[in-house]
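# Notes for the structure review
Below, each chain spelled out in residue letters.
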Amino acid sequence: MTDKAAIILDKVCKYYHRGSETVHAVQNVSLTINNGEYVAIVGHSGSGKTTLLNLMGCLDRPSKGDVSITGNRTANRSEKELTEIRKNSIGFIFQQFFLIPTLTVLQNVQLPALFAKNPQDKKAADYLQMVGLGKRLKHLPSQLSGGEMQRVAIARSLINDPPILLADEPTGNLDSHNAETIMNLFEKLNNQGKTIVVVTHNRDLVKRCSRAVHIEDGNIKEN
Ligand SMILES: Nc1ncnc2c1ncn2[C@@H]1O[C@H](COP(=O)(O)OP(=O)(O)O)[C@@H](O)[C@H]1O
Ligand SMILES: [Mg+2]
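Here is a short report on the structure shown in this document. (Residues numbered from 1 in each chain as written. Chains lettered and ligands numbered in written order. Predicted model: local features only at pLDDT ≥ 70, side-chain atom pairs only at ≥ 80, totals over all residues. Heavy atoms only, no water.)

### Let's talk about the sheet that holds strand β5 (residues 72–73)
Across the sheet, four strands lie side by side as β2-β1-β4-β5; this open sheet has antiparallel pairing. Of all strands in the sheet, those with a lone pairing partner are β2 (21–33) and β5, marking the two edges. Pairing of strand β1 (residues 7–18) with β2 involves nine bridges; the strand directions are antiparallel. Bridging across to β2, Ile7 finds its partner in Ile33. (Pairing = 2+ DSSP bridges. Helix = DSSP H or I, 4+ residues; strand = E, 2+ residues; numbered from the N terminus.)

### Details of the nonpolar core
Generally speaking, soluble globular proteins have nonpolar side chains that are buried together. Residues Leu128, Val152, Ile154 and Phe186 are the most contacted members of the largest nonpolar core, which totals 36 residues. Val26, Leu53, Ile90 and Ile164 belong to the second largest nonpolar core, which has 27 residues in total. (Core = buried A, V, L, I, M, F, W, Y, C linked by side-chain atoms within 4.5 Å. Buried < 20%, exposed > 50% of the residue type's maximum accessible area, 1.4 Å probe, protein only.)

### Some remarks on helix α1 (residues 49–56)
Quick reminder: α-helices carry 3.6 residues per turn. Residues three or four places apart thus point the same way. Taking burial as the measure, the eight residues of α1 include seven buried ones, the bulk of the element. Of the positions making up α1, those classed as buried are Lys49, Thr51, Leu52, Leu53, Asn54, Leu55 and Met56.

### Comments concerning the pairing of strand β8 (residues 195–199)
The buried fraction of β8 is high, at five of five residues. A two-sided burial pattern is seen for β8, the buried positions comprising Thr195, Val197 and Val199 on one face and Ile196 and Val198 on the other. Pairing geometry for strand β3 (residues 38–42) and β8, over four bridges, is parallel. Directly across from Ile41, in β8, lies its bridge partner Val199. In terms of handedness, the path from strand β7 (residues 164–168) via helix α6 (residues 176–191) over to β8 forms a crossover that is right-handed. (Right-handed = clockwise from strand over helix to strand, strands pointing away.)

### Topic: the packing of aromatic side chains
Two descriptors summarise a pair of aromatic rings, namely the distance from one centre to the other and the angle between the planes of the rings. Considering all chains together, one arrives at two aromatic pairs under this definition. Seen from their ring centres, Phe94 and Phe98 are 5.2 Å apart, and the 70° between their planes marks the pair as edge-to-face. For Phe94, a relative accessible area of 22% translates into the label partly exposed. Since its relative accessible area comes to 49%, Phe98 is described here as partly exposed. Through a chain of ring-to-ring contacts, the aromatic side chains of Phe92, Phe94 and Phe98 assemble into a single cluster. (Phe/Tyr/Trp six-rings, centres within 6.5 Å; stacked < 30°, edge-to-face > 60°.)

### Some remarks on the site of ligand 1
Residues in close proximity to ligand 1 include Tyr16, Arg18, Val23, Ala25, His44, Ser45, Gly46, Ser47, Gly48, Lys49, Thr50 and Thr51, which together make up its full environment. Contact distances for ligand 1 include 2.8 Å between an oxygen atom and a side-chain N or O atom of Lys49. Taking Thr51, its side chain carries an N or O atom lying 2.5 Å from an oxygen atom of ligand 1. A total of 560 Å² of accessible area belongs to ligand 1 in isolation, and the protein chains cover 66% of it. (Near = heavy atom within 4 Å. Polar contact = N/O pair within 3.5 Å; in protein donor to acceptor, adjacent residues only side chain to side chain. Areas by Shrake-Rupley, 256 points an atom, 1.4 Å probe, with all protein chains shown as cover.)

### Quick look at the packing of helix α5 (residues 146–158) against α6
Close contact between α5 and α6 brings their axes to 9 Å; oriented N to C, the two are set at 15°. When the interaxial angle is binned, α5 and α6 end up roughly parallel. Here the hand of the crossing between α5 and α6 comes out right-handed. The residues of α6 that touch α5, namely those facing Gly147, Gln150, Arg151, Ile154 and Leu158, are Asn178, Thr181, Ile182, Leu185, Phe186 and Leu189. Within the contact of α5 with α6, the residues separate by chemical class into six nonpolar, four polar and one charged. (Axes fitted to C-alpha atoms, helices over the stretch in contact; angles between N-to-C directions. Parallel < 35°, antiparallel > 145°, perpendicular 65-115°, else oblique. Left-handed = near helix turned anticlockwise from the far one by under 90°. Contact = heavy atoms within 4.5 Å. Nonpolar A, V, L, I, M, F, W, Y, C, P; charged D, E, K, R; others polar.)

### Details of the pairing of β1
Between β1 and β2, which pair antiparallel one after the other, the connecting turn spans two residues, and Gly19 there sits at a positive phi close to 60°. Judged from the five bridges that link them, β1 and strand β4 (residues 64–69) form a sheet pairing that is antiparallel. If you follow Asp10 over to β4, its bridge partner there is Asp66.

And the structure:
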């Protein structure tokens, strides 16, 4: 059953070396995210949330243990294979949006599809319509509000139709109204079948998830 889970962390550790000091950012974490779940990751600043999310998204490799994505183990994979897994399975949404300032809204959303050699003008416009930005296609990111920029980032994360969305403090830079819009979008995407893992300090967002995972000093405390 669980071998086809969206994400499995199997005894995962991540150490960072800073000079002579070793930081144990994630310590022996085993965690399964099932298909269709909507999971919040909560914990204090510095507890290892971003590190955990980056490991789940294969943006980073564990120091020990293995990460499986949709049934595929990732230990011992080449960079190219990891990129392929990311492209096919995972959409990322970051607190700082990471939009390219010189590209239009439409081009920003098309970009991951271009990298996948799969440019899809129509789909990008459709996703922008879905997030309520159908009338902003030609705008530059600098002409948008924070909430709008985050919605562009969400549309971009969907363009290759990944089954899994990972979001690191997606409402952290937004006011409560814009945060509410983003939460409604996530709920809609989850109802459409996306598996979502979200790092957040937003209590309203945590309440709307199906499960909260607490992390403290790199350890999972409770589920
Ligand atoms: N690239 C890095 N190099 C060294 N230490 C890091 C690095 N990234 C994170 N850390 C350390 O790992 C711990 C967990 O960081 P992080 O995952 O960013 O926590 P959170 O997202 O919960 O604030 C912190 O002590 C942080 O200082
Ligand atoms: Mg963080």
